Amino acid sequence: MRGRIPGEWEQLEARCAQCQACELGRTRTKPVFGVGRQDSPVLFVGEGPGQQEDLTGEPFVGAAGKLLDDMLSIIDLGRDNCYIANVVKCRPPGNRDPREEEQAACVGYLYEQIRLIQPKIIVCLGRIAAGVLIRKDFRITREHGQWTRINGIWYTALYHPSALLRDLNRRPETFLDLLSLRDKVKEVCPELYQ
Ligand code: URA
C-alpha cells in the first residue's frame, strides 16, 4: 500500500498484541487492534473495547456495534470499505472510561495506524476519541457533526453508539450528522461509491 514498508502493519499489530505499557494489558483477554480495509479513506475511532470486543478481539461487536452497522448503512458504507479502531486497544475493566495515562500509553498505536492508513476522513465516535484527535476540550454536545481539517485530513465527531443506545433523543441529530458525513464521503472519496 502507498509508500508502506512491507510488514510494517503486521509488526505494529504484533507489538500491540504483546503490549504491557499500561495496567489494561494485565486484565484484557484479547487486544482489539481494529478491523477493515487498511487503506480505506474513511477511519472510525471509538474509545476502547467492551466485554464482547475483549472476548472476540474485534471492535464494535456488541449492541453498540450493531447500531454502528446501522449508522454505516445510512451512509452506504460497510465494515469492509472503512477501517474501525479505538483509542485504547485493551478493555477498561467494568467498561469505565479509559484513564488519561492509559490513553497516553496506547494512543501511539492509533497514530501509527493513521500514518499507515492515510485516511482522508476520520470520524470520532464519542467525546474521548474527539478529545484525543480533534481538540482536548472538544464538547460533543455542542460540536458533534461539525467539520475541521487538520493536516489535510477531515475530522468530525458523532455521538458514541453507546450514548445513542441510552438516549434516543440524540438520534435525530445524529441522523443529520450522518447525512453530512455521507455528503463529505461522496465529495472527498467518490471512489467508495463506484
Ligand atoms: N465501544 C467502543 O468505543 N469501541 C468498541 O470497540 C466497542 C464499544
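I will try to describe carefully the structure that is included in this document. (Residues numbered from 1 in each chain as written. Predicted model: local features only at pLDDT ≥ 70, side-chain atom pairs only at ≥ 80, totals over all residues. Heavy atoms only, no water.)

In terms of helices and strands, the chain carries nine helices and six strands. Its C-alpha atoms give the chain a radius of gyration of 16 Å, within 12% of the compact-globule value 16 Å for 194 residues. Dimensions of the chain, computed from the C-alpha atoms along their principal axes, are close to 40 × 40 × 30 Å. Taking all 194 residues of the chain together, the buried fraction comes to 49%. Here the analysis covers contacts within the chain between residues at least 6 apart in sequence; of these, 71% occur between residues at least 24 apart. Summed over all atoms, the accessible surface of the chain reaches about 9500 Å², with 49% contributed by carbon and sulfur. Here the chain carries 27 positive and 26 negative side-chain charges, and the mean point of each set is 2 Å from the other. (Helix = DSSP H or I, 4+ residues; strand = E, 2+ residues; numbered from the N terminus. Rg over C-alpha atoms; globule rule 2.2 N^0.38 Å. Buried < 20%, exposed > 50% of the residue type's maximum accessible area, 1.4 Å probe, protein only. Contact = heavy atoms within 4.5 Å. Areas by Shrake-Rupley, 256 points an atom, 1.4 Å probe, with all protein chains shown as cover. Lys, Arg positive; Asp, Glu negative; His and termini not counted. Charge placed at Lys NZ, Arg CZ, Asp CG, Glu CD.)

The next thing to look at is the packing of aromatic side chains. What the rule picks out here adds up to three aromatic pairs. Taken together, a centroid distance of 5.5 Å and an interplanar angle of 80 degrees make the contact between W9 and F33 edge-to-face. With W9 in helix α1 (residues 8-18) and F33 in the loop between α2 (24-27) and β1 (35-36), this pair connects stretches of sequence that are 24 residues apart. A centroid spacing of 5.4 Å and a plane angle of 80 degrees characterise the contact between W9 and Y83, whose relative ring orientation is edge-to-face. In this pair, W9 is assigned in helix α1 and Y83 in strand β3 (residues 83-86), connecting sequence segments 74 residues apart. Residue classification places W9 among the buried residues on the basis of a relative accessible area of 2%. The exposure class assigned to Y83 is buried, which follows from its relative accessible area of 2%. Grouped by ring-pair contacts, the aromatic residues W9, F33 and Y83 constitute a single cluster. The side chain of K184 reaches across the aromatic face of W147, ending 5.3 Å from its centre. (Phe/Tyr/Trp six-rings, centres within 6.5 Å; stacked < 30°, edge-to-face > 60°. Lys NZ or Arg CZ within 6 Å of the ring centre and 35° of its normal.)

What follows deals with the site of the ligand. Every residue lining the ligand is accounted for by G46, E47, G48, E53, P59, F60, N86 and H160. Within the backbone of F60, a nitrogen or oxygen atom sits 3.0 Å from an oxygen atom of the ligand. In the complex, 93% of the free accessible area of the ligand, which totals 240 Å², lies under the protein chains. When each cavity is represented as a set of grid points, the ligand is found to reside in the largest pocket. Per-class residue counts for the shell around the ligand are two nonpolar, four polar and two charged. (Near = heavy atom within 4 Å. Polar contact = N/O pair within 3.5 Å; in protein donor to acceptor, adjacent residues only side chain to side chain. 1 Å grid on protein atoms, 1.4 Å probe; cavity = no way out; pocket = protein on both sides within 12 Å on 5 of 7 lines; lining within 4 Å. Sits in = over half its atoms within 2 Å of the grid points. Nonpolar A, V, L, I, M, F, W, Y, C, P; charged D, E, K, R; others polar.)

What follows deals with the sheet that holds β3. Strand order in this open sheet of six strands is β1-β3-β2-β4-β6-β5, and the pairing throughout is mixed. Edge strands, defined here as strands with exactly one partner in the open sheet, are β1 and β5 (148-150). Relative to strand β6 (residues 153-158), β5 runs antiparallel, the two sharing three bridges. Bridge assignment links I150 to a residue of β6, and that residue is I153. Relative to β3, helix α5 (residues 100-117) is tilted by about 160 degrees, and along the sheet it contacts β2 (42-46), β3, β4 (121-125) and β6. (Pairing = 2+ DSSP bridges. Axes fitted to C-alpha atoms, helices over the stretch in contact; angles between N-to-C directions.)

Remember, this is a structural readout, not a statement about activity or role.
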